[in-house]
Every structure is written in structure tokens, then in C-alpha cells.
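# Notes for the structure review
Here is how the chains run, residue by residue.
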Amino acid sequence: MTTVLIEELEPASADAGVPAHYGDPMREQRVLDTAVGLVDRSNRDVVAVPGDERAGWLHNLTTQHLSGLRAGQGTELLVLSPHGHVEQHALVAEDGTTAWLDTEPGAGAGLLKYLEMMRFFTRVEPRDATAEIAVLSLVGPQAAAAAATHLGVEPAEPRIFEVPGPKFAAGSVPDEPTALYDVRAFGPGALARRVPLGVDLLVPRAALDEVLGLLADVPRSGLWAYEAVRVANRLPRLGWETDHRTIPAEAGLGAPAVHLDKGCYRGQETIARVHHLGRPPRRLVLLHLDGIATDQPPAQGTPVTLDGRAVGFVGTAARHYELGMIALAVLKRNVADDAALLVGESAAAIDVS
């Protein structure tokens, strides 16, 4: 099989260096959708946060309720601008001595810079751990079983709390992360974290060969297949389904990453105002694209138009093995579900299922 490196995807610099596919992207998608495949996501940036006060410190700086985060737990968090716009998104895995934050390729430097600026006299030592830790993902309905068979761990199903309605009673949201991801240690200092699409593996780079050997019988799938499955599951990605104006509720990041009943943090006023007084101005949708003239999906940022005016933009587009050409897009809230949309010259319909 031929491994093709992602150098042509948009933005090219983000996903360069990991396999796009192993010869048959459609088959690889089917494997991820129906069984289990192993995806190399080692281009993700990783920030390590050791230190006795890390949980309370991260709790105060981010959108998530982290003050009681314990070993063996994971979640998601956001860093917002003062006006409530999404600046950073990271997944968390806590091992009892360090909180490991993995984020998009190229986003780690900005996250680390912010954390370092906010250290003051807190007993924490954040550092860039991208050269230490690689992220792999077991994806598919059989991911947990594969982790049990090949790695000796089987993290429990993820739990994501429903977003409360407006004017909810104070204290009705549990004092814990809104998304709880089970984290288990295995092998040579590695961690397995259960997430909605499967099981993420945070592996010391020095032990990559050993872990890959344990998973030798698991089919490999490239990032093209992973992205198509992610889009079909309506899971947003920082920098693809977000721009400089995005607030969490617009991109579907509220449920897994924002706790609505915790102490103050940067950008909280916007989050509370939008939640309690009105709907966000935009929303994340899944589009089906018809009549597209090329095999190449539309690029990130391609305008979505209605009656000749722009009403949103394409985040990630992919050719799905069953659904055809699909895309995640961010549209104005008032665009009707049955609107006749165009992406470039191609008709697009909102998936309301």
C-alpha cells in the first residue's frame, strides 16, 4: 500500500506529515464507520501542565469545570477572548501528576503562551510536549474492544451532559466537567482516553514503535477517512469550523467544553448573555452538496450563498463513502432549513436529521 502525506489539503501546513490514506480512502472510511481503524494524528500539538495547583488554575482560566479533575479523567476545554470568541480548544487527559492538553497542529504555541502569561505565582509548569507525546486514534464502534484486546484497557463510554435551558436554576449543573472522558494508563507510560469517535492514545514518542506493534492487527486508516467520519458526525475542528468571531454555541462546542454554572473566566459574560437572552447569531450545520463538478471538496472558507448573498462559510468538506460530498458549514441563524443554498456553483442542502 502507498502512504500519501497530506500536503495538498487546506490549510496545507496544518496536516502535513501524517498519512492521508493507505491506498483506498473509501474502504478506510467504511472501516472507521463500521468496525475499527487506527489513525495517525501525531501532528497534533500537546501541552503538558504539571504542578500541584494545575486543576484549580485551569478551572479559573478556561470554560470547563476542572477544580475537581482527578486521575483517570479527561474532558474538553476552551480559552476565550475577552469578548467570548473561541481562541483555543483542547482535549484533556489527567494522569495524576500532569494534565495533558492536546490541540490542533500549530495551535499549541498560542495555548502555551497564554498559559505562561497567566502563571503568576501558581505552582504549575506548563511546557510544550509535542516532541514527547504523539496522538493516535482508534476510531469506530469496535474501538473500545480493540483497546481491550491489544492494549489491555477498556475505557468506559464518554458522558456528555445536556446543555441546560435558559434561566436554569443555579446549582442544577453538576460541579464536574460537562464532558467526562475515561482515561486509562497502559504500557510504556501511555494513556487511552475514550472519546465520542473511539479511543485516543497519548503515546510517548520513544514508545511509538512498541505501541504500533501491539496494534499491528488493527487496520490503518488515513486522515482523509477520519475527517470524513468527523464531518458526518458533526464534530467541529478549531480553525476549520471557527473563525475570529466564533462563540462556542455557534460551533457546537457548548456541550462538551463549556460549563455554564462555574466561577468567572475570560469571556464568560458573552457566554451567559447568549445562553440566557437569545440564540447565537450563527449555527453549525451539515450540508449535502449536489452536482459538484470535481472530486476535490470545496476549500475551507468557501462562501455559502443564498439568493446571491453570502450567508456563511464552509468549514470542512469531504467525500463520504455513503453520503457523497458533505461539508460542515457555519451559517447565519435565520437561514431556513429548506433554503436553496449554493457552495460555489454547487447546490447544497442542510441535513436536518
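Data block above holds the structure.
Residues numbered from 1 in each chain as written. Predicted model: local features only at pLDDT ≥ 70, side-chain atom pairs only at ≥ 80, totals over all residues. Heavy atoms only, no water.

## So, the packing of aromatic side chains
For clarity, the cut-off: A pair of aromatic rings is counted whenever rings of Phe, Tyr or Trp (Trp by its six-membered ring) have centres within 6.5 Å, and the orientation is called stacked for planes under 30 degrees apart, edge-to-face for over 60 and tilted otherwise. Here, over-ring charges are defined by two tests on the NZ atom of lysine or the CZ atom of arginine: distance to the ring centre within 6 Å, and angle to the ring normal within 35 degrees.
Inspection of every chain in the model, using the stated rule, returns zero aromatic pairs. Sitting over the face of the ring of Trp-240, Arg-237 holds its NZ or CZ atom 3.8 Å from the ring centroid.

## A look at the pattern of salt bridges
Note the following rule: Whenever a carboxyl oxygen of Asp or Glu lies within 4 Å of a side-chain nitrogen of Lys or Arg, that contact is scored as a salt bridge. The helix count covers DSSP runs of H or I at least four residues long, the strand count covers runs of E at least two residues long, and both are numbered beginning at the N terminus. Any residue under 20% of the maximum accessible area for its type is buried, any over 50% is exposed, and the rest in between are partly exposed; the area is computed with a 1.4 Å probe on protein chains only.
Taken as a whole and assessed by the stated rule, the structure comprises 23 salt bridges. For Glu-94, the salt bridge identified is with Arg-54, shortest N-O distance 2.7 Å. Here the residue Glu-94 occupies a position in strand β6 (residues 86–94), and Arg-54 occupies one in helix α3 (residues 54–61), the gap between them amounting to 40 residues. Accessibility classification places Glu-94 together with Arg-54 in one group, the buried group. The shortest N-O distance in the salt bridge between Arg-159 and Glu-176 comes to 3.5 Å. Pair noted here: Arg-159 is in strand β10 (residues 159–160) and Glu-176 is in the loop between β10 and β11 (179–186), with a separation of 17 residues, a long-range link. Here Glu-176 falls in the partly exposed class, since its relative accessible area comes to 24%. Through salt bridges with shared partners, a single ionic network connects Asp-15, Arg-41, Arg-44, Asp-102, Glu-104, Arg-193, Asp-200, Glu-227, Arg-230, Arg-237 and Glu-241.

## Considerations on the sheet that holds strand β19 (residues 341–343)
Short version of the rule: Being paired, for any two strands, means DSSP has found at least two bridges between them. In this analysis, axes come from line fits to C-alpha atoms, helices being fitted only over the stretch in contact, and the angle between any two N-to-C directions falls in the range 0 to 180 degrees. Here, two residues are considered to be in contact whenever any of their heavy atoms come within 4.5 Å of each other.
Within the closed barrel, the six strands sit side by side as β15-β18-β17-β16-β19-β20. Their pairing is antiparallel. Pairwise comparison of adjacent strand axes, ignoring direction, gives a mean angle of 40° for this sheet. Inspection of the sheet shows strand β16 (residues 303–306) paired to strand β17 (residues 309–320) by four bridges, in the antiparallel sense. From the neighbouring strand, Thr-305 faces β17, where its bridge partner is Ala-310. Its contacts with the sheet place helix α7 (residues 223–232) against β15 (282–290), β17 and β18 (324–332), and it is angled at close to 130° to β17.

## Thoughts on the nonpolar core
This is how the line gets drawn: Residue types Ala, Val, Leu, Ile, Met, Phe, Trp, Tyr and Cys, when buried and joined through side-chain atoms within 4.5 Å, form a set referred to as a nonpolar core.
Membership of the largest hydrophobic core comes to 21 residues, with the highest contact counts inside it found for Leu-136, Leu-138, Leu-151, Phe-186, Leu-201, Val-203 and Leu-215. The element contributing the most residues to this core is helix α5 (residues 143–151), with four residues. Excluding anything up to four places from it in sequence, Leu-215 contacts Leu-38, Leu-138, His-150, Leu-151, Leu-201 and Arg-220.

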